[in-house]
Amino acid sequence: MIDVARLAGVSQQTVSRVVNGSTNVAPEIRERVELAIRQLRYRRNPAARALANGQTMNLGIVSFGLTQYGPSVALSGIADEARSAGYATNLVTLGDVDRTAMKAALDHLAEDAVDGIVVLAPVEAALEAITGLEAGVPLVVFEPGAPEGTTSVATDEVGGAALATRHLLDLGHDTVWQVAGPSGWLGSDARMRGWSDTLAASGRVTNPVISGDWSTRSGYAAGCDIVRNPDITAVFVANDQMALGVVKALSEYGVRVPEDVSVVGFDDVPEARYYRPALTTVRLDFEEVGRLAVDRILHLMRGGHADALPRVLPELVVRRSTAPPSQAPRTSQQHLR
């Protein structure tokens, strides 16, 4: 920095203001400093900066379930927002989500001297495992389905499931069945609550859920079950990957979507609009989850209070996989191989 200041004919403090993005520098002075930086190939020294301000400029992330759409997009949002704020990220992925594994992950990040930690593990076991553990630095948790007023970073998954269920009821279906995600996932539980509460509030029958595991394969198996029950005219599927499997199974058995069975997914994956038919689904901005997580970590690092955070709200995206129920019942040929 001294060399840059000498070449540009300015003080070292002026160089510091330029590299830190200060607006309190005359344009012609800024241009001289930036030219000197390019000529000398000056790069900021992260280690020196850490010594100067007491920060490592690294954020830790403890993750689980990154094969799923929501967590993977949220991770991308965290990395992008952290990079914009001048921070690198250190990722620890969990194979098992128990107290021992969680403590080991937090200890590993503490040894790497991160400035803050985001726990991106949206399962009940992660919330239980982290209770009472000391991270030694500010910590933020992603908690899908948390109620309004939460201090966690949260998505309103209950409201999203309610939107999907209400849409199908408003089309005229007597009730709505659900292909649910696996137990233990916060999103599964929240989406089930939104579905069942909406049916109960409307005085409709709540049938047993058809269980899945988030995969397209499990959705296909659920679709085969739906084929065998000609009374089913509307299905809320807890994620878009399973919805793809459901639609595939119905198509193979001659059950038309949406003429015979309406299908709504959840997540709005980029491919959802290209399903056949294009999938009606619930959209959540998981990149915003990442941005909120980093904003909250930085706020806590500056000594801010853990006030309630706004939840990321859902949006219903209506496409071609939903319609009013057909007046003609499905024939036996449609639900038997």
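For the structure given in this document, a descriptive report is provided here. Predicted model, so just to flag it, every value in this text is computed and none were measured. (Residues numbered from 1 in each chain as written. Predicted model: local features only at pLDDT ≥ 70, side-chain atom pairs only at ≥ 80, totals over all residues. Heavy atoms only, no water.)

**Focus: the overall build of the protein**
Now for step 1: Across its full length, the protein holds 12 helices and 10 strands.
Now for step 2: Relative to a compact globule of 337 residues, whose C-alpha radius of gyration would be 20 Å, the protein shows 25 Å and is clearly more extended.
Now for step 3: Counting only C-alpha atoms and orienting by the principal axes, one finds that the protein spans roughly 85 × 45 × 35 Å.
Now for step 4: Split into buried and exposed, the 337 residues of the protein put 49% on the buried side.
Now for step 5: Sequence-distant contacts in the protein: of pairs separated by 6 or more residues, those separated by 24 or more amount to 72%.
Now for step 6: By element, 51% of the accessible surface of the protein is carried by carbon and sulfur atoms, the whole surface being about 16,300 Å².
Now for step 7: Each charge sign in the protein was given a centre, from 31 positive and 39 negative side chains, and these centres are 7 Å apart. (Helix = DSSP H or I, 4+ residues; strand = E, 2+ residues; numbered from the N terminus. Rg over C-alpha atoms; globule rule 2.2 N^0.38 Å. Buried < 20%, exposed > 50% of the residue type's maximum accessible area, 1.4 Å probe, protein only. Contact = heavy atoms within 4.5 Å. Areas by Shrake-Rupley, 256 points an atom, 1.4 Å probe, with all protein chains shown as cover. Lys, Arg positive; Asp, Glu negative; His and termini not counted. Charge placed at Lys NZ, Arg CZ, Asp CG, Glu CD.)

**Thoughts on the packing of aromatic side chains**
Now for step 1: A full pass over the atoms with the stated rule returns four aromatic pairs.
Now for step 2: Ring geometry for Trp185 against Trp214: centres 5.9 Å apart, planes inclined by 85 degrees, an arrangement best described as edge-to-face. Taken together, the residues Trp185 in the loop between β5 (177-180) and α9 (186-201) and Trp214 in the loop between β6 (210-211) and α10 (216-227) connect sequence positions 29 residues apart.
Now for step 3: The exposure class assigned to Trp185 is buried, which follows from its relative accessible area of 14%.
Now for step 4: Residue Trp214 is classed as buried on the basis of its relative accessible area, which comes to 7%.
Now for step 5: By the ring-pair criterion, three or more aromatic residues cluster together here, those being Phe64, Trp185 and Trp214. (Phe/Tyr/Trp six-rings, centres within 6.5 Å; stacked < 30°, edge-to-face > 60°.)

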